[in-house]
Amino acid sequence: MEEPLIEWRKVSKAFGSKVILDQVDLKVFPGEAVGVIGPSGTGKSTILKLLAGLIAPDTGEIYVRGQKRERTIEQGEAPQGIGLVFQQSALFDSLTVGENVGFSLIRHSKLSREKIQELTAEKLALVGMSNTQDLYPAEISGGMRKRVSLARAIISDPETADDQLNILLYDEPTAGLDPVGSTRIETVIRELLTVQKACSAYLMVTHVHSTIKLTTDRIVFLYQGKFQWEGTTDDAYRSEIPLLKQFFTGSIEGPIK
Ligand SMILES: Nc1ncnc2c1ncn2[C@@H]1O[C@H](COP(=O)(O)OP(=O)(O)OP(=O)(O)O)[C@@H](O)[C@H]1O
């Protein structure tokens, strides 16, 4: 069987006395688009932060491409080809769009300015933002800024030995966008995986129905520290299980308090 890109073994995390994740197992395989779904405050963002190496589990093991993660990024762990796309685009206002996208290469690679510009233009074209390099973030819309942050998440140094495609982690990438703006981002996210092959898999945290439907094939449903349900997105929407039914219909009646 194919090696998982990500594997969790009994990962637990608590903040103070509050257990957020209780011995959670997770596997993500190449090509997968996985939705991490669940009520507010259950720990979905915590899952992404653990995967990105921003925080460490209390117990349990996290493997990325078969390699055990021993430390956090702050403690010197390499990012291991994992890109986090935040809800806020988190662009630097004083840098141009091009400089924002190429930022990590400008800082950390030995590539020439011309090569970085070429890679930047290529990634911006992939997200439908050609010829915007010289604009500043304040000059473009919120939806466009999100696309710029996607371009930044998929850029990598072709000269490093581990130029593997990134695993992308999306934290509410369509929050606050109108339906058309959302569809644009959802289409880009999906095509970066399936058409342009610019990432190897992704995890998606979202509450937006269109985003769940358009960008995920499989769902893990987090509630009270555990994945209470796992299955295809289609099955999740058809499910009669009270937890899922309540979540997807938004009913006040049900097990989610
Ligand atoms: N650094 C921290 N210190 C203390 N508590 C934290 C910390 N980070 C998260 N929490 C708590 O852990 C719980 C889970 O937070 P998390 O942001 O992962 O939830 P979420 O499912 O992403 O929520 P939402 O859907 O509302 O964004 C929350 O109760 C939150 O207050």
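Analysis parameters
Residues numbered from 1 in each chain as written. Predicted model: local features only at pLDDT ≥ 70, side-chain atom pairs only at ≥ 80, totals over all residues. Helix = DSSP H or I, 4+ residues; strand = E, 2+ residues; numbered from the N terminus. Rg over C-alpha atoms; globule rule 2.2 N^0.38 Å. Buried ≥ 20, exposed ≤ 12 C-beta atoms within 10 Å, placed from the backbone. Contact = placed C-beta atoms within 7 Å. Pairing = 2+ DSSP bridges. Axes fitted to C-alpha atoms, helices over the stretch in contact; angles between N-to-C directions. Near = placed C-beta within 6 Å. Core = buried A, V, L, I, M, F, W, Y, C linked by C-beta atoms within 7 Å.

In the nomenclature of an unreviewed UniProt entry, the chain is known as ABC transporter ATP-binding protein of Aphanothece hegewaldii CCALA 016.

1. A short note on the overall build of the chain
A tally of helices and strands in the chain yields nine helices and ten strands. In terms of overall size, the chain behaves like a compact globule, its C-alpha atoms giving a radius of gyration of 18 Å where 257 residues would be expected to give roughly 18 Å. In terms of principal-axis extent, the alpha carbons of the chain reach across some 55 × 40 × 40 Å. Burial status across the chain gives 37% buried among its 257 residues. Of the contacts made within the chain by residues no fewer than 6 positions apart, 64% connect residues no fewer than 24 positions apart.

2. A short note on the pairing of strand 1 (residues 6–15)
Pairing analysis gives seven bridges linking strand 1 to strand 2 (residues 18–28), with the strands arranged antiparallel. Paired with Val11 across the two strands is Val24, which belongs to strand 2. Hairpin connection, strand 1 to strand 2: the antiparallel pair is bridged by two residues, and Gly16 has positive phi, about 60°. One ladder, built from five bridges, connects strand 1 with strand 4 (residues 59–64); its direction is antiparallel. Bridge pairing in strand 4 places Ile6 opposite Val64.

3. Quick notes on the sheet that holds strand 5 (residues 67–68)
Taking strand neighbours across the sheet as the criterion, the four strands line up as 2-1-4-5 in an open arrangement whose pairing is antiparallel. Unpaired on one side and paired on the other, strand 2 and strand 5 mark the two borders of the sheet. With respect to the sheet, helix 1 (residues 44–52) is in contact with strand 1, strand 2 and strand 4, its orientation differing from that of strand 1 by roughly 120°.

4. Structural notes on the site of the ligand
Neighbouring residues of the ligand: Phe15, Ile20, Gly38, Ser40, Gly41, Thr42, Gly43, Lys44, Ser45 and Thr46. The element contributing the most residues to the shell around the ligand is helix 1, with three residues.

5. Some details on the nonpolar core
With 61 residues, the main nonpolar core has Val36, Ala151, Leu169, Leu192, Tyr202 and Leu203 as its most contacted residues. When residues in this core are grouped by element, the largest group, six residues, is from helix 5 (residues 142–154). With residues near it in sequence (within four places) discarded, Leu192 still touches Leu126, Leu150, Ile154, Ala198 and Cys199.

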